[in-house]
Number of protein chains: 2
Amino acid sequence: MVKVAIFAIGSELLEGSIVDTNSAWLGKKLTKAGFDVTDIRLIPDHREKIVKLLREGMETYDIILTTGGLGPTFDDLTAETLGEAAGVGTEMNEEARRHMVEWLKKRNVSIKPSHERQALLPKGCMLFPNNSGTAMGFGVEKNSCTVVSMPGVPYEMYKMFDDFVMPFMLRKFSLNERFSLDLRIGGLPESDIDDVIRELHLPSSLECIINVSKGECFVKLRGFDKSLIDEYALKLKDSFPRNFIGFGDDGMAAVLLRLLRERDMTISVAESCTGGMIGADFTSVAGASDVFMGGIISYSNDVKERILRVPKNIMINHGAVSEETARAMAVGAANTLQTRCAISVTGVAGPDGGTDEKPVGTVCMGYCIDRDVVTKKHFFAGDRDAIRTRAVKTALREMTELLKK
Amino acid sequence: MVKVAIFAIGSELLEGSIVDTNSAWLGKKLTKAGFDVTDIRLIPDHREKIVKLLREGMETYDIILTTGGLGPTFDDLTAETLGEAAGVGTEMNEEARRHMVEWLKKRNVSIKPSHERQALLPKGCMLFPNNSGTAMGFGVEKNSCTVVSMPGVPYEMYKMFDDFVMPFMLRKFSLNERFSLDLRIGGLPESDIDDVIRELHLPSSLECIINVSKGECFVKLRGFDKSLIDEYALKLKDSFPRNFIGFGDDGMAAVLLRLLRERDMTISVAESCTGGMIGADFTSVAGASDVFMGGIISYSNDVKERILRVPKNIMINHGAVSEETARAMAVGAANTLQTRCAISVTGVAGPDGGTDEKPVGTVCMGYCIDRDVVTKKHFFAGDRDAIRTRAVKTALREMTELLKK
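Residues numbered from 1 in each chain as written. Chains lettered and ligands numbered in written order. Predicted model: local features only at pLDDT ≥ 70, side-chain atom pairs only at ≥ 80, totals over all residues. Heavy atoms only, no water.

**Observations concerning the overall build of chain A**
Part 1 of the reasoning: Of regular secondary structure, chain A possesses 15 helices and 17 strands.
Part 2 of the reasoning: Dimensions of chain A along its principal axes, counting C-alpha atoms only, are 75 × 55 × 40 Å.
Part 3 of the reasoning: Buried residues in chain A amount to 59% of all 405 residues.
Part 4 of the reasoning: The long-range fraction of contacts in chain A, counting pairs at least 24 apart against all pairs at least 6 apart in sequence, stands at 68%. (Helix = DSSP H or I, 4+ residues; strand = E, 2+ residues; numbered from the N terminus. Buried < 20%, exposed > 50% of the residue type's maximum accessible area, 1.4 Å probe, protein only. Contact = heavy atoms within 4.5 Å.)

Right, here's the structure in full:
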C-alpha cells in the first residue's frame, strides 16, 4: 500500500489554540481512496525540527502532505524548510507571485513585502492552484518520496486537495480500488456491538472498525472485495434489528431529513439547553429548507410560556426540566411553526443548576409526530459540552426511530 | 524545559472518523503550565507500531501522555503495548478491576469477559482514578521517561488529567511558572497585525504567536516575566484602538455576554442561514441565561413573516437575503422575545441558491440595540461551513463593537 504521512504545521496546533481538523478530513478521503495513512504529526513552527522531520519522512513514506505554514508571517516556514530538506533551496516563483498579486488586487488589498515572502518557493517545485486564497500549493520529489504542501485554511486546502492534489496522487500511484461501507448503530454500548461482530466471524480480508463518539456508533467495513463487504454489511444490519440506523457516513441530521422528505413531512424544534444546536445541525445539511422550517430557542421560561405556549402551571408543578414541559414545548413548536413533526429538548447542562431530583445531565425530550407526542427522560454523563452534544444526537436518533416504527 | 509528547491512539483518528480534540485540549493546558509540547502524534491501532513509537519516545521525551485505546474491544491495545515497550508485561490489576466492576454494577451493566481485559495493565504501574468511566489511567516509568495513559473519551480524560495527572506532573517536575496572555483582535487581516507587531520590536524573551481562524485573530504573548508581558500587552492593545476586542481566551460569545451583563441588557437572536449556531454559541457559556433569552430560527420565509413579523412586501421587494429583511428580523426578535438587544442573520450559505446579485457567501446582519437598528452586508469566502462560522463570529464581533461605541 502507498504510505502517506500528514504533517500539520503550526505551533498553535500543539498549544491547542486551534484544533487540527484538516488531518482528519484528509485521513478520511485518503483512506477511502485506498491510501494507507500511517502517520499524522503536529509540528511546531521550529525551522530545525520541520527540516529534520521532513528529511526523516522522505526516507520513510511514499508521500507527505503538509498543511499550514504558507502564510505571509514570520512564523510561516513550510516553503523554506521544504527547500532545505530537499536540498534545493528557495527562489521567487513567478507564477505563484502572479497568482498572489492578482488575488490581492481583485480584493483591493495593497501588496506588502510580507506578502512577497509567500511566493518564495522550493526551486523547481510543482505548483497546485489555489482558487480560494493567495498561497498556491507546491510539491517536491526527493528519494522516491513526494512532499505536497497545502495551506492550513480549511476551505482553501479542501478545494486544492480535491481538485488538484488527489487527482495528482491517483495518477502517480495506480491504486487498487478499496471499498468501504459504514453502518450507523444507535443506542448500544460498544461492548455489545463488539460481541455481535465477534460472533459473525468476519473473514480476515475484511477490515472492521468500531467507532463510538458521544452516543453514536459507526461500524466500518473495508476491503478490496465489494461483494464481500455488501454481504457482511447486510448480516450486520440484520444483527441489529432495532438499533441499525442507516448506511453511509451522513450525519444523523441528514439521515432524519431524508426520512422526513420521503414522507413529505416538515419539522421544527424547540430548544432550551441545546440553545439552537439541533437547528444548527439540521441547517448544516445543504438543501434542508424543504423539510426544516425553523424553531424556537426557548432558553428563558418566559419564552417557553409566551411563544411556545407552555402552560405556566405545568412549569410550576413539574419544573422547566420535565417530560411534561418537553411535551408542551414539542406541541408548541409544531403549532407555532405549523409543522407535522417537532423535537423539543429541555435539560440541566450544568455545571450549576443540578438538584438531587434533577442532577446535572438530566435532559427531557419531546417528539411530536402528527399531534402524537412521545417524551423521554435521559441522564447524560459528562461536562456541559458532552451533555449538550449527547442530547442533540439522542434527540435526532430517537426521532428517527419513532418515525420508523 | 520539560519535553512532553502526546500520543493519540486509535485508527479512527487517522482515518478521519473522529477529529482528535483531546490533544489540543491537553496542549493548551500543558503549554499554559510551562511544559514544552514538542510532539503530537496520531497513531493507528497497530501493535508493533505503538510499541516502536513508545520505545523511541521513551528515549526522547520526559513524559508521554497517551489518550485512547483503553476500551474493552479487540483493537484497544494501549495497556498491552505499554507493558511490552517498558519490558514489564501486563497482569490483572485488582484495583482497576474492582473500580470497573463497581462502576458497571452501579449502572446495572452485566460484566463480560471483554470488560475484564480493561483491567489487564502493565505490571507495577501507577494508577490514576477515573471518576467518570470504567477504565482507570495508568503510568509507567522507564529510562527517565514517564508514560501516562488516559482514556480517549474527552470528559473522562479531562477530569482525570485535571484532578490527577496534572498534579502528578507538577509534583514530579518543579517548573518555572510561565505566563501567557491572549489578545483578541477582530476584523483585520493577519498581515496587518503582523506588521504592527514587527514595529513593536518585541524583546526576544517574549514569545509572540498570531493565530487566525475564521475571522478571529488571537495574539498570544508568552514568557517568564509577567510584567514584561503586561507591558507589551498594553502596547499591543493601544496599537489596535478599533480592533482590540479583549484579553483572555474566552470565546466571542462569552465576551459579548459579559458586556451585556455589565450593562444590564438582554439579547435574543433571529437566525436564518446560521440556523441556531449563534444561540448554540451563547448557550455554550455556562450561566448565559440571565442575558440570553432565546431566539427564533426562521429558516423558512413563512416563519420570518408569521413569527418575526417581517412585512411580506420587504421580502418581495428586497429578498429574504437583504439588509432590509435583516433589519425587520432583528426588530422582530427584540419585540417577540422582549429583549433590549437582538442579532439577526440571513444569507446564502450555499452550495446552491446563489445569484449574480447575491452570490453564495452573501450574508446580511441586523443589530438592534434599544430600538436602534444597524445593518451590514458581508461577502464571506469558503464553503457552507466556513460561511456559516464566519457569519456567527462576525455577528458576535460587530454587536460587541456597536455596544462599545
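**Some words on the nonpolar core**
Part 1 of the reasoning: Ranked by internal contacts, the top residues of the largest apolar core, which has 76 residues, are F282(A), I343(A), F282(B) and I343(B).
Part 2 of the reasoning: Apart from residues lying up to four places away in sequence, I343(B) is in contact with L256(B), I267(B), S268(B), V269(B), A270(B), I278(B), F282(B), G366(B), Y367(B), A395(B), L396(B) and M399(B).
Part 3 of the reasoning: Counting 56 residues, the second largest nonpolar core, distinct from the first, contains L14(A), L42(A), M169(A) and I6(B). (Core = buried A, V, L, I, M, F, W, Y, C linked by side-chain atoms within 4.5 Å.)

**Quick look at the interface of chain A and chain B**
Part 1 of the reasoning: Across the boundary between the two partners, chain A contributes 86 residues, which contact 86 residues of chain B.
Part 2 of the reasoning: Of the roughly 6700 Å² buried at the junction of chain A and chain B (both faces included), carbon and sulfur atoms supply 54%.
Part 3 of the reasoning: The interface formed by chain A and chain B contains 10 salt bridges.
Part 4 of the reasoning: Between E15(A) and R222(B) there is a salt bridge; the shortest N-O distance is 2.5 Å.
Part 5 of the reasoning: Inspection of the chain A/chain B interface yields 35 residue pairs in polar contact (both at pLDDT 80 or more).
Part 6 of the reasoning: Top contributing element to the side of chain A that touches chain B by residue count: strand 10 (residues 207-213) of chain A, with seven residues.
Part 7 of the reasoning: Residue composition of the side of chain A that touches chain B, grouped by class: 35 nonpolar, 27 polar and 24 charged.
Part 8 of the reasoning: As paired strands, strand 2 (residues 36-43) of chain A and strand 2 (residues 36-43) of chain B are joined by three bridges and run antiparallel to one another. Considered in strand 2 of chain B, the bridge of I40(A) is made with L42(B). (Buried area = accessible area lost by both parts, 1.4 Å probe. Salt bridge = Lys/Arg side-chain N within 4 Å of Asp/Glu carboxyl O. Polar contact = N/O pair within 3.5 Å; in protein donor to acceptor, adjacent residues only side chain to side chain. Nonpolar A, V, L, I, M, F, W, Y, C, P; charged D, E, K, R; others polar. Pairing = 2+ DSSP bridges.)

**Some details on empty space enclosed by the protein**
Residue and element names in this part refer to chain A.
Part 1 of the reasoning: Going through the model one piece at a time under the given rule, you end up with three cavities of 30 Å³ or more.
Part 2 of the reasoning: Residue lining of the largest cavity: 11 residues in total, with K28, K32, S180, K220 and R222 positioned closest to the centre.
Part 3 of the reasoning: At the level of secondary structure, the elements contributing two or more residues to the lining of the largest cavity comprise helix 2 (22-32), strand 9 (179-186) and strand 11 (216-223).
Part 4 of the reasoning: Broken down by element, the lining of the largest cavity gets its largest block of residues, three residues, from helix 2.
Part 5 of the reasoning: Considered class by class, the residues forming the lining of the largest cavity number no nonpolar, four polar and seven charged.
Part 6 of the reasoning: Estimated volume of the second largest cavity: approximately 80 Å³. (1 Å grid on protein atoms, 1.4 Å probe; cavity = no way out; pocket = protein on both sides within 12 Å on 5 of 7 lines; lining within 4 Å. Points joined across faces, edges and corners; volume = space filled by probe spheres on them.)

**What about the domain arrangement of chain A?**
Residue and element names in this part refer to chain A.
Part 1 of the reasoning: In terms of domains, chain A is made up of domain 1 (3-172), domain 2 (179-247) and domain 3 (252-404).
Part 2 of the reasoning: Taking only C-alpha atoms into account, the centre of domain 2 sits 29 Å from that of domain 3.
Part 3 of the reasoning: The partner domain 3 presents 10 residues to the 10 residues of domain 2 that form the contact.
Part 4 of the reasoning: Buried area between domain 2 and domain 3, summed over both chains or domains, comes out near 930 Å², and the portion from carbon and sulfur atoms is 52%.
Part 5 of the reasoning: Taken together, the links from domain 2 to domain 3 amount to zero salt bridges.
Part 6 of the reasoning: Of all the secondary structure elements, the ones that give two or more residues to the side of domain 2 that touches domain 3 are strand 9 and strand 12 (244-247).
Part 7 of the reasoning: For the side of domain 2 that touches domain 3, the per-class residue count stands at two nonpolar, four polar and four charged. (Domains from an automatic or database assignment.)

**Quick notes on the sheet that holds strand 13 (residues 267-271) of chain A**
Sheet strands associate in pairs through backbone hydrogen bonding, adopting either a parallel or an antiparallel arrangement.
Part 1 of the reasoning: Across the sheet, 10 strands lie side by side as 17(A)-16(A)-15(A)-13(A)-14(A)-14(B)-13(B)-15(B)-16(B)-17(B); this open sheet has mixed pairing. With partners counted over all chains shown, the strands left at the sheet margins are strand 17 (372-379) of chain A together with strand 17 (372-379) of chain B, one partner each. Each neighbouring strand pair of the sheet contributes to a mean axis angle of 15°, computed without reference to strand direction.
Part 2 of the reasoning: Relative to strand 15 (residues 341-347) of chain A, strand 13 of chain A runs parallel, the two being bridged by five bridges. (Axes fitted to C-alpha atoms, helices over the stretch in contact; angles between N-to-C directions.)

**Observations regarding the environment of I296(B)**
Residues and elements named next belong to chain B.
Part 1 of the reasoning: Tracing the backbone shows I296 in strand 14 (residues 292-297).
Part 2 of the reasoning: Owing to a relative accessible area of 0%, I296 belongs among the buried residues under this scheme.
Part 3 of the reasoning: Measuring from C-alpha to C-alpha, the distance between I296 and G279 comes to 9.3 Å, with 17 residues separating the pair along the chain.

**Concerning helix 10 (residues 252-262) of chain B**
Helical periodicity: at 3.6 residues per turn, an α-helix aligns residues three or four positions apart in one direction.
Residues and elements named next belong to chain B.
Part 1 of the reasoning: The buried fraction of helix 10 is high, at eight of 11 residues.
Part 2 of the reasoning: When helix 10 is considered as a whole, its buried residues turn out to be M252, A253, A254, V255, L256, L257, L259 and L260.
Part 3 of the reasoning: Where helix 10 ends, the next residue or the one after it, D264, has phi of about 60°, a positive value.

**Details of the relation of the copies chain A and chain B**
Part 1 of the reasoning: When chain A is fitted onto chain B, the two copies agree to an RMSD of 0.1 Å after a turn of 180° and an axial shift of 0.0 Å. Those values place the two copies in the arrangement expected of a two-fold rotation axis. For chain A, the smallest separation between a C-alpha atom and the rotation axis is recorded for G276(A), amounting to 1.9 Å.
Part 2 of the reasoning: Comparing interface residues between copies, 100% of those in chain A also lie at the interface in chain B; the contact surface is shared. (Least-squares fit on C-alpha atoms with pLDDT ≥ 70 in both.)

**Quick look at the environment of I185(B)**
Residues and elements named next belong to chain B.
Part 1 of the reasoning: Relative to the helices and strands, I185 is located in strand 9 (residues 179-186).
Part 2 of the reasoning: The exposure class of I185 is buried, given its relative accessible area of 2%.
Part 3 of the reasoning: Once the C-alpha coordinates of I185 and R242 are considered, the two residues, 57 residues apart in sequence, prove to be 9.0 Å apart.

**What about the layout of surface pockets?**
Part 1 of the reasoning: Considered as a void within the structure, the second largest pocket measures approximately 560 Å³ in volume.
Part 2 of the reasoning: Mapped onto the lining of the second largest pocket, the elements with two or more residues apiece are strand 1 (3-9), strand 2 and helix 3 (47-60) of chain A together with strand 1 (3-9), strand 2 and helix 3 (47-60) of chain B.
Part 3 of the reasoning: Of the residues that constitute the lining of the second largest pocket, the class distribution is six nonpolar, seven polar and 14 charged.

**As for the UniProt feature "domain: MoaB/Mog" (unreviewed entry) in chain A**
Part 1 of the reasoning: In the numbering used here, UniProt assigns the "domain: MoaB/Mog" (unreviewed entry) feature to residues 5-172 of chain A.
Part 2 of the reasoning: Between the end C-alpha atoms of residues 5-172 of chain A the distance is 16 Å, and the span holds 43% helix and 23% strand. (UniProt positions renumbered as here; feature names shortened; annotations may be inferred.)

**Side note on the packing of aromatic side chains**
Residues and elements named next belong to chain A.
Part 1 of the reasoning: Counted by the stated rule, this structure contains 16 aromatic pairs over all chains.
Part 2 of the reasoning: Here the aromatic rings of W25 and Y158 are separated by 4.3 Å at their centres, their planes lie at 20°, and the arrangement is stacked. Of this pair, W25 sits in helix 2 while Y158 is found in helix 7 (residues 154-172), placing the two residues 133 residues apart along the sequence.
Part 3 of the reasoning: Taking relative accessible area as the criterion, Y158 reaches 16% and is therefore assigned buried.
Part 4 of the reasoning: The rings of W25, Y158 and F161 are connected pair by pair, giving a single aromatic cluster.
Part 5 of the reasoning: Its guanidinium or amino end placed over the ring of F173, K172 lies 6.0 Å from that ring's centre, counting from NZ or CZ.
Part 6 of the reasoning: The ring of Y232 has K235 lying over it, and the distance from NZ or CZ to the ring centre is 4.4 Å. (Phe/Tyr/Trp six-rings, centres within 6.5 Å; stacked < 30°, edge-to-face > 60°. Lys NZ or Arg CZ within 6 Å of the ring centre and 35° of its normal.)

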